[in-house]
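Each chain, letter by letter, is given below.
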Amino acid sequence: MLRDARFLREEFVPREVVHRDPEINHLSSVLQPLADGRPADTAFISGPSGSGKTCISKYTVEQLKEENLDVESIYVNCWNDHSRFQVLFRILDEVTSTVDIHRQSTPRDVLFDRLRDHDGPPCVVILDEVDQLADRKVLYELLGLQSFSLVLIVNDVEELLAEVDERLASRLRSAERIRFHAYTTDELVDILRERADRALTHDAISQEQLEAIADEAGGDARVAIATLKLAARQADRDGAEQITTDHVKQAVPDAREELRQKNLDALSEHQQVIYEIIEEHESIAPGDLYPEYRSRVDNPKSDRTVRSYLKKMVRYNLVAAEGSTQDRRYRSLAPPSPS
Ligand SMILES: Nc1ncnc2c1ncn2[C@@H]1O[C@H](COP(=O)(O)OP(=O)(O)OP(=O)(O)O)[C@@H](O)[C@H]1O
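Throughout this document, residue positions are counted from 1 along each chain, in the order its sequence is written. Thresholds applied to this predicted model are a pLDDT of at least 70 for local features of residues and 80 or more for the giving and counting of side-chain atom pairs; totals over whole chains, interfaces and linings are not thresholded and use all residues. As a rule here, side-chain values come from all non-hydrogen atoms in the structure, and water together with hydrogens is ignored.

A. Fine view of the domain arrangement of the protein. Domain segmentation is taken from an automatic or database assignment of domains. What the domain assignment reports for the protein is domain 1 (20-179), domain 2 (185-259) and domain 3 (267-332). Computed over C-alpha atoms only, the centres of domain 1 and domain 3 are separated by 28 Å. The partner domain 3 presents 10 residues to the 13 residues of domain 1 that form the contact. Once two parts are brought into contact, the accessible area they lose, counted with a 1.4 Å probe and summed over both, makes up the buried area. Here domain 1 meets domain 3 over a buried area of about 1,200 Å², counting both sides, of which 40% is carbon and sulfur. Per-residue buried area on domain 1 facing domain 3 is highest for W79, Q132 and E163; these three make up 43% of the total on that side. Contacts between residues were defined by any pair of non-hydrogen atoms, one from each residue, lying within 4.5 Å.

Listed below in structure tokens is the structure:
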């Protein structure tokens, strides 16, 4: 049944991608000046979870690098590296040595000065999950760096623009926008087919089962691929030669739970505290949540940062937001524990 399970792993970056030609062409054209040694405009990549924003951005930049020896690239996930220091450090660390940089003792502007003075080949910086940046002013600083061109990945551009100061918003408004839609069922079937052909033995999964998986995934390629992986794993354990309807039916909730758990594990310490508070309540308003959070941590983040954490947790299916903006309440989406 399983030929090469690596093709079903989430982190696998496909060499061939399907159904994103217009988006790839658009991003390639924005980045094209780099091929002539000129800086490129900033690109905003937006769209729902699992619509291929990260994968297509990386793929397009890799293509550019294959054709141009003198282009470099850096990928930073702002969910993990969310402070100004972390972002600047990650970029600097890729382009030059940072052995003498120490978090506690390095003056704030040394990192930035080094990046500004960096005299290497043009470099594309893919900043993923930009809305998770604790200090958005770092974007303003990065926009001013000649050697670096930015690809900014967010779920919703307008939401981000509404949250930054006017000076930064007006710079960002001129960025080129590339919007990704959620995949249709047919598109997901093609993505799944490609993976299944590489990962599984011939005929291990029928068109009907692929359609069933795609249909349940709600346009999200990550959910679809995880479902295929779990269905294949179960079929393999059962010693079956084909994935059956039952394997798929079981894999659908398991895949969602696996992804939920992964997202939960990826939360920072502060985000975990916020999540725990929500879990302890049937539902809670942000106005009650914030003081509770402040009382539980040292150096609490601002109210605004906590609200952006909450939005992200909603997108990642960890919590649900109920009610309108005025009377919003958050509720955990953890499955009921078996009694
Ligand atoms: N067009 C495609 N062809 C092949 N694989 C794809 C395609 N689009 C997405 N994938 C795969 O689907 C998974 C999810 O894609 P990706 O991480 O790029 O989504 P995303 O839009 O960045 O999601 P999020 O906002 O949740 O980070 C990845 O494993 C990726 O390789």
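Here the narrative resumes.
B. Up close: the state of the cysteines. Cysteine sulfur atoms that pair up within 2.5 Å are treated as a disulfide. Tallying each qualifying case throughout the model produces 0 disulfides. Lacking any disulfide linkage, C55 is separated from the closest cysteine sulfur, that of C78, by 19 Å. With no disulfide of its own, C78 lies 14 Å from the sulfur of C123, the closest cysteine sulfur.

C. Spatial organisation of the pairing of strand 6 (residues 319-322). Pairing between strands is defined by DSSP: at least two bridges between them are needed. Helix numbering and strand numbering both begin at the N terminus, where a helix is a DSSP run of H or I of at least 4 residues and a strand a DSSP run of E of at least 2. Bridge analysis of strand 6 against strand 7 (residues 329-332) gives 4 bridges, and the strand direction is antiparallel. Considered in strand 7, the bridge of E322 is made with R329. Here strand 6 hands over to strand 7 after 6 residues, with G323 in that stretch at a positive phi of 85°.

D. Here's a closer look at helix 8 (residues 185-199). Here helix 8 contains 15 residues, and its C-alpha end-to-end distance of 20 Å stays within 8% of the 21 Å for a straight helix at 1.5 Å per residue. Buried residues of helix 8: E187, L188, V189, I191, L192, R195, A196 and A199, and no others. Contacts from the buried residues of helix 8 go to helix 9 (207-216) and helix 10 (221-237). Expected span, for any helix, means 1.5 Å times one less than how many residues it has. For every residue, the accessible area obtained with a 1.4 Å probe (protein chains only) is divided by the maximum for its type, and the residue is called buried under 20%, exposed over 50%, and partly exposed between those limits.

E. Main features of the packing of aromatic side chains. Only centres within 6.5 Å qualify two rings of Phe, Tyr or Trp (six-membered ring in Trp) as a pair; their planes then separate them into stacked at under 30 degrees, edge-to-face at over 60, and tilted for everything else. The final tally for this structure, using the stated rule, is 4 aromatic pairs. Aromatic pair W79 and Y316: ring centres 5.5 Å apart, planes at 50°, arrangement tilted. Taken together, the positions of W79 in the loop between strand 2 (72-77) and helix 3 (84-95) and Y316 in the loop between helix 14 (303-315) and strand 6 put the pair 237 residues apart, joining distant regions of the chain. Across this residue pair, the class does not change: W79 and Y316 are buried. With a centroid separation of 5.8 Å and an interplanar angle of 10°, the aromatic rings of F85 and F89 are classed as stacked. Linking F85 with F89, this pair stays in helix 3, spanning 4 residues, or about one helical turn. Overall, the relative accessible area of 24% leaves F89 in the partly exposed class. Directly above the aromatic system of Y75 lies the positively charged group of K58, at a separation of 4.1 Å from the ring centroid. Charge over a ring is defined by NZ of Lys or CZ of Arg lying within 6 Å of the ring centre and within 35 degrees of the ring normal.

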